[in-house]
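# Chain and residue survey
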Amino acid sequence: RTEGVPKSIFEIDGAREVAIECNSFSKYAGFTGVRLGWTVVPDELTFADGTLVRDDFNRVMTTAFNGASNIVQGGGLACLDDEGLGEINTLIDYYLENAKLLKNAMEELGYDVYGGTDAPYVFVKLPEGKSSWDTFSEILEKAQVVTIPGAGFGPGGEGYLRLSAFAPRDTVIEACERLKKQMAL
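All values reported here derive from a predicted model rather than from experimental measurement. (Residues numbered from 1 in each chain as written. Predicted model: local features only at pLDDT ≥ 70, side-chain atom pairs only at ≥ 80, totals over all residues. Heavy atoms only, no water.)

This paragraph deals with the nonpolar core. Among soluble globular proteins, nonpolar side chains are generally buried collectively. Membership of the largest hydrophobic core comes to 23 residues, with the highest contact counts inside it found for Met-106 and Met-183. When contributions to this core are tallied by element, the ones reaching two or more residues are α4 (82-108), β4 (121-125), α5 (132-143), β6 (160-164) and α6 (169-182). Those residues in contact with Met-106 that lie beyond four places of it in its chain are Tyr-111, Val-113, Val-124, Leu-163, Leu-179 and Met-183. By size, the runner-up hydrophobic cluster in this structure holds seven residues, among which are Ala-29, Phe-31, Cys-79 and Ile-88. (Core = buried A, V, L, I, M, F, W, Y, C linked by side-chain atoms within 4.5 Å. Buried < 20%, exposed > 50% of the residue type's maximum accessible area, 1.4 Å probe, protein only. Helix = DSSP H or I, 4+ residues; strand = E, 2+ residues; numbered from the N terminus. Contact = heavy atoms within 4.5 Å.)

Structural data, given as structure tokens:
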């Protein structure tokens, strides 16, 4: 939602020659579990010999997968009409407001926080030497709030917690209050 932030890799100069874009309706439209997404392989993307990556990608995908069911595809199309896009934008606004609440709560406690502006996730930098798994367990046991240990995202995620804005507003507000009590520096 921030002005100037690309929504597609292809908004960046030169990307059509080097990138494949994958996306899904999971977070965008609340389709988690339905498994509907898309991949864009531009004609400009070629192998060293000049053949189109798109052709090989299409061959592999049509050989390995049958595709989404008609009803799921219909749901995806409904997301893209004017009414669907309006509902999605309302939903995105709702979750971004939840992310703002989470981000503000952690910043008020003095944590360095990343994300939560154009995405429904907030990454909280833990104090030096604090394990993300230990912090996750401590918060779960003492505050009954589920967070996500950064280590689950690979070695670079250790030392962080991920908070998700995908919850009802009253639940997020309560989680913020519990986190403030549990995570005060």
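A few words now on unusual backbone geometry. One non-glycine residue with positive phi stands out, namely Arg-35, at about 65°. Considering the arrangement of structural elements, one finds Arg-35 in the loop between α1 (25-28) and β2 (37-40). By relative accessible area, which is 64% here, Arg-35 ends up exposed. With phi around 55°, Gln-144 is a residue other than glycine that occupies positive phi space. By secondary structure assignment, the location of Gln-144 is in the loop between α5 and β5 (148-149).

This brings us to the sheet that holds β6. Pairing in this open sheet of four strands is antiparallel, and the strands run β3-β4-β6-β5 from one edge to the other. With partners counted over all chains shown, the strands left at the sheet margins are β3 (113-115) and β5, one partner each. Strand direction decides the pairing type here: β5 and β6, joined by two bridges, are antiparallel. Bridging across to β6, Pro-149 finds its partner in Leu-161. (Pairing = 2+ DSSP bridges.)

The next subject is α5. Note: α-helices contain 3.6 residues per turn, so residues at a spacing of three or four share the same orientation. Taking 1.5 Å of rise per residue, the 12 residues of α5 would be expected to cover 16 Å, and the 16 Å separating its terminal C-alpha atoms lies within 8% of that figure. Its buried side turned inward, α5 meets β5, β6 and α6. Measuring from the side-chain oxygen of the N-cap residue of α5 to the backbone nitrogen of Trp-133 gives 3.2 Å; that N-cap residue is Ser-131. (Expected span 1.5 Å × (residues − 1). Polar contact = N/O pair within 3.5 Å; in protein donor to acceptor, adjacent residues only side chain to side chain.)

When the terminal C-alpha atoms of α4 are compared, their 39 Å separation across 27 residues agrees well with the 39 Å that a helix rising 1.5 Å per residue should span. Along α4, the residues classified as buried are Gly-84, Ile-88, Leu-96, Asn-98, Ala-99, Leu-102, Lys-103, Ala-105 and Met-106. Considering only its buried residues, α4 is in contact with α1, α3 (70-80), β3, β4, β6 and α6. Just downstream of α4, Gly-110 is the residue with a positive phi angle, here 95°.

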